[in-house]
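What follows is the residue order along each chain.
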Amino acid sequence: MYSQQRHIGRAFGLSVLTGALVGTALLTLPAVDRSSLSELWALPVIIVAYSLFALPFVALGLAVFGLPATALLKSKSDEWWVGAIAALWGGLSGKLMLWLMGSYNIAADSVVDIGSIYGLATGLAWWSFYRRQFGTAAFG
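Residues numbered from 1 in each chain as written. Predicted model: local features only at pLDDT ≥ 70, side-chain atom pairs only at ≥ 80, totals over all residues. Heavy atoms only, no water.

Broken down by element type, the chain carries four helices and zero strands. N-terminal to C-terminal, the α/β element order of the chain is α-α-α-α. The 140 residues of the chain split such that 36% are buried. Considering only residue pairs separated by 6 or more positions, the chain has 75% of its internal contacts joining residues 24 or more positions apart. (Helix = DSSP H or I, 4+ residues; strand = E, 2+ residues; numbered from the N terminus. Buried < 20%, exposed > 50% of the residue type's maximum accessible area, 1.4 Å probe, protein only. Contact = heavy atoms within 4.5 Å.)

When you line up the elements, S51 lands in helix α2 (residues 42-73). S51 gets classed as buried once you look at its relative accessible area, which sits at 4%.

Between α2 and helix α3 (residues 80-100), the shortest axis-to-axis distance is 9 Å and the interhelical angle comes to 140°. Taken together, the axes of α2 and α3 lie oblique to each other. The handedness of the crossing between α2 and α3 is right-handed. Each of F57, L60, G61, F65, G66, A69 and L73 in α2 lies in contact with α3, whose residues at this interface are W81, V82, I85, W89, S93, L96, M97 and L100. (Axes fitted to C-alpha atoms, helices over the stretch in contact; angles between N-to-C directions. Parallel < 35°, antiparallel > 145°, perpendicular 65-115°, else oblique. Left-handed = near helix turned anticlockwise from the far one by under 90°.)

Note on placement: L67 falls in helix α2. You can call L67 partly exposed: its relative accessible area is 34%. C-alpha of L67 to C-alpha of F12: the two residues are 55 residues apart in sequence and 9.2 Å apart in space. The residues touching L67, leaving out its near neighbours within four places in the chain, are F12, L62 and W126.

Of all hydrophobic cores here, the largest spans 10 residues; its members are A11, V16, A20, A54, V58, A59, L62, Y118, W126 and Y130. Every element with two or more residues in this core is listed here: α1 (2-28), α2 and α4 (114-133). Here this core gets four residues from one element, more than from any other, and that element is α2. Discounting chain neighbours no more than four positions away, the residues touching A59 are F12 and V16. (Core = buried A, V, L, I, M, F, W, Y, C linked by side-chain atoms within 4.5 Å.)

Taking 1.5 Å of rise per residue, the 21 residues of α3 would be expected to cover 30 Å, and the 30 Å separating its terminal C-alpha atoms lies within 8% of that figure. Taken together, the buried positions of α3 are V82, G83, A86, A87, G90, G91, S93, G94, K95, M97 and L98. Just past α3, the residue G102 takes up positive phi, approximately 80°. (Expected span 1.5 Å × (residues − 1).)

Tallying each qualifying case throughout the model produces four aromatic pairs. Relative to F57, the ring of F53 lies with its centre 5.6 Å away and its plane at 55°, an arrangement referred to as tilted. You can see F53 and its partner F57 sitting in helix α2, four residues apart, about one turn around the helix. Taking 6.2 Å as the distance between ring centres and 75° as the angle between the ring planes, the aromatic pair formed by F65 and W89 counts as edge-to-face. In this pair, F65 sits in helix α2 while W89 sits in helix α3, placing the two residues 24 residues apart along the sequence. Using a relative accessible area of 32% as the deciding quantity, one classes W89 as partly exposed. Three or more aromatic residues link up through ring pairs in this structure, and these residues are F12, W126 and Y130. A cation sits over an aromatic face here: R131 above W127, 4.2 Å from the ring centre. (Phe/Tyr/Trp six-rings, centres within 6.5 Å; stacked < 30°, edge-to-face > 60°. Lys NZ or Arg CZ within 6 Å of the ring centre and 35° of its normal.)

Set out below in structure tokens:
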């Protein structure tokens, strides 16, 4: 029992870290000013700093939305289509997190926003790490 909790905790931590870093990178890289290549050294610092800020929100989203979904789909976690569901559910969960925090306007915001990007990255990371912790990493 303790070993299983430790494996879930490891998968959770890695997923939150990966989701925050990948989400921040996906949001930051398109905004990079390519005319000032001399300042690219700051890009990793910016990504890490914003990722640290995003960590608690990503963790809360995974805990509130991802863990219950995992319980529903646990027996099918090695199926490829669960990864697609994880990505979609993660994106929707990110939007829900923004709404719960009061910073989402359904009329003004687009389909892809900050919440959906962090959620998608975290959902895919959780699906991948959770499967690997329990030895079900074979695709389909």
